Amino acid sequence: MLIIGFVLSLSAHSERDMTDLQLDTIEKKYNKFARQRVIDWQALIRENHNLPEQEKLNRVNAFFNANVQFIDDQALWDKKDYWATPIETLSIGGGDCEDYAIAKYFTLKQLGVDENKLRLTYVKAVELNQAHMVLTYFENKRAVPLVLDNLIIEIKYATQRTDLIPVYSFNGSGLWLTKPKQNQRVSDAARLSLWQNLLLRIQNGH
């Protein structure tokens, strides 16, 4: 019920822009640049519904990579791990790899991309030797996914990203372990406490 209620709330929210009062609150808490980033984000959603999906991917990926500076959670939130909402990420103008992927995921959903085509995917970044999150897009169930990443500008197929080793992926409907040549659905994504907390904050307009 949490996920269903959230999807309905998000769909309703996407049909209207934030009020001037909400934007004033963001500007007062952060600055005028924060306000403008949120306005630009809403324009991105409002003006690009009719584009082919590939172009939606390109524009959303480019928008967040250009407007968000990488800052780790400890420095930004004084927490080891925190998943920010798109509005939080844009208001601050910063976030870590999870925040980039999450913002792209929810923005593409608002642009009408089917959630079943999108997964938040944990990988090992080989060159960095650390855990990393990207957004993956599957044109169909058997397709090689495209990878939307904050480490590089270009969207590439997963087979071209030999620097990334997939571990598991999830969206609002499930959690999958990645195995050679197959993905095995293992659990409901709602079990992830960070995910639940994120959905609640988005529902509350944060």
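Our structure is the block above this text.
Summarised in this report is the structure supplied together with it. Bear in mind the structure is a predicted one, so any value in this text is a computation, not a measurement.

### Some details on the overall build of the chain
Looking only at helices and strands, the chain features 8 helices and 9 strands. Going through the 206 residues of the chain one by one, you find that 46% of them count as buried. Contacts in the chain between residues at least 24 apart in sequence constitute 56% of all its contacts with a sequence separation of at least 6. When the accessible surface of the chain is summed, it comes to about 11100 Å², and 52% of that surface belongs to carbon and sulfur atoms.

### Quick notes on the side chain of Thr 89
Note that Thr 89 resides in helix α6 (residues 86-92). The contacts of Thr 89, once residues within four sequence positions are left out, are Val 68, Ala 84, Gly 94 and Asp 99.

### Brief notes about the pattern of salt bridges
In the structure shown here, the tally under the stated rule is 8 salt bridges. Here Glu 88 and Arg 201 are joined by a salt bridge, their closest N and O atoms 2.8 Å apart. In this pair, Glu 88 sits in helix α6 while Arg 201 sits in helix α8 (residues 193-203), placing the two residues 113 residues apart along the sequence. For Glu 88, a relative accessible area of 12% puts it in the buried group. Here Lys 109 ties to Glu 115 by a salt bridge, and the two come within 3.3 Å at their closest N and O atoms.

### Quick look at the pairing of strand β3 (residues 118-125)
With 7 of its 8 residues buried, β3 lies for the most part within the structure. Here 8 bridges tie β3 to strand β4 (residues 130-137), and the two strands are oriented antiparallel to one another. Paired with Thr 121 across the two strands is Val 134, which belongs to β4. In this structure, β3 lies alongside strand β7 (residues 164-171), joined through 6 bridges in antiparallel fashion. Pairing of Tyr 122 across the sheet is with Tyr 168, part of β7.

Cut-off values and rules
- Residues numbered from 1 in each chain as written.
- Predicted model: local features only at pLDDT ≥ 70, side-chain atom pairs only at ≥ 80, totals over all residues.
- Heavy atoms only, no water.
- Helix = DSSP H or I, 4+ residues; strand = E, 2+ residues; numbered from the N terminus.
- Buried < 20%, exposed > 50% of the residue type's maximum accessible area, 1.4 Å probe, protein only.
- Contact = heavy atoms within 4.5 Å.
- Areas by Shrake-Rupley, 256 points an atom, 1.4 Å probe, with all protein chains shown as cover.
- Salt bridge = Lys/Arg side-chain N within 4 Å of Asp/Glu carboxyl O.
- Pairing = 2+ DSSP bridges.

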